[in-house]
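An overview of the molecular structure
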Amino acid sequence: MSTKLTSRKFWISVAAFFGSVGTSAAGFAVGNETVTIIGAICATLSTAIYAACEAYVDAANKGEDYDF
């Protein structure tokens, strides 16, 4: 776990997630449903992209071939 805390990919993903949550909250605060939905989608996508990148790196390190 300590290697995750020093990972730039992890911190960029965390920042993207919180930025997206902030966007969603701002959209909710001003009553703009479109911005709220976009923020929620981006928060989900930032997490999914991070997970896919980590899976790719782990597969490459093990020398296995995964199809995405």
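Scroll up a little and you will see the structure.
All figures in this text were calculated on a predicted structure; none of them were measured in a lab.

Take the environment of K9 next. Examined against the element boundaries, K9 turns out to sit in helix α2 (residues 8–30). The spatial distance from the C-alpha of K9 to the C-alpha of Y50 is 7.3 Å, given a sequence separation of 41 residues. Residues contacting K9, with those up to four places away along its chain left out, are Y50, E54 and V57. Here the side chain of K9 touches E54 through a polar contact of 3.4 Å, side chain to side chain.

Okay, helix α3 (residues 33–62) next. Between its terminal C-alpha atoms α3 stretches 44 Å, which fits the 44 Å expected from 30 residues at 1.5 Å a residue. Taken residue by residue, α3 has G39, A43, S46, Y50, E54 and A59 as its buried positions. By the N-cap criterion, in which a side-chain oxygen at the helix start approaches the backbone nitrogen of a residue two or three places on, α3 is capped by N32, the distance to T34 being 3.2 Å.

Turning our eyes to something else, we now look at the side chain of S24. Note on placement: S24 falls in helix α2. For S24, the side chain forms a polar contact with the main-chain oxygen of T36, separated by 3.1 Å. Ignoring anything within four residues of it in the chain, the contact list for S24 reads V35, T36, G39 and A40.

Our focus in this paragraph is the packing of aromatic side chains. Following the criterion strictly, the structure yields three aromatic pairs and no others. With a centroid separation of 6.1 Å and an interplanar angle of 65°, the aromatic rings of F10 and Y50 are classed as edge-to-face. Here the residue F10 occupies a position in helix α2, and Y50 occupies one in helix α3, the gap between them amounting to 40 residues. Note on Y50: relative accessible area 16%, which makes it buried.

On to a nonpolar patch on the surface. A surface patch of nonpolar side chains, about 370 Å² in accessible area, is lined by I37, I41, L45 and I49. Structurally, I37 can be placed in helix α3. Classification of I37 as partly exposed rests on a relative accessible area of 43%.

What counts, and where the lines are drawn
Every chain's residues receive numbers from 1 upward, in the order its sequence appears when written. Two thresholds apply to this predicted model, a pLDDT of at least 70 for residue-level local features and 80 or more for giving and counting side-chain atom pairs, whereas whole-chain, interface and lining totals are computed over all residues. For the side-chain quantities, the full set of heavy atoms in the structure was used; hydrogens and water were omitted. Starting at the N terminus, helices and strands are each numbered in turn, a helix being any DSSP run of H or I of at least four residues and a strand any DSSP run of E of at least two. Working rule for contacts: check all heavy atoms of both residues, and any pair within 4.5 Å makes them a contact. Counting of polar contacts relies on pairs of N or O atoms within 3.5 Å, with two restrictions inside protein: one atom must be capable of donating a hydrogen and the other of accepting it, and residues adjacent in sequence are counted only when both atoms are side-chain atoms. Multiply 1.5 Å by the residue count of a helix minus one, and that product is the helix's expected span. Buried residues are those whose accessible area, probed at 1.4 Å on protein chains only, stays under 20% of the maximum for their type, while exposed residues exceed 50% and partly exposed ones sit between those limits. Pairing of aromatic rings covers Phe, Tyr and the six-membered ring of Trp, with a centre-to-centre limit of 6.5 Å; geometry is then stacked below 30 degrees between planes, edge-to-face above 60, and tilted otherwise. Like-charged residues are merged into a patch within 9 Å and nonpolar side chains (Val, Leu, Ile, Met, Phe, Trp, Tyr) within 5 Å, provided each residue has over 30% relative accessible area and no salt bridge. Accessible surface is estimated by sampling points in the Shrake-Rupley manner with a 1.4 Å probe; for residues, cover comes only from the protein chains shown. Salt bridges are defined as contacts in which a side-chain nitrogen from Lys or Arg sits within 4 Å of a carboxyl oxygen from Asp or Glu.

Geometry only, nothing functional implied.
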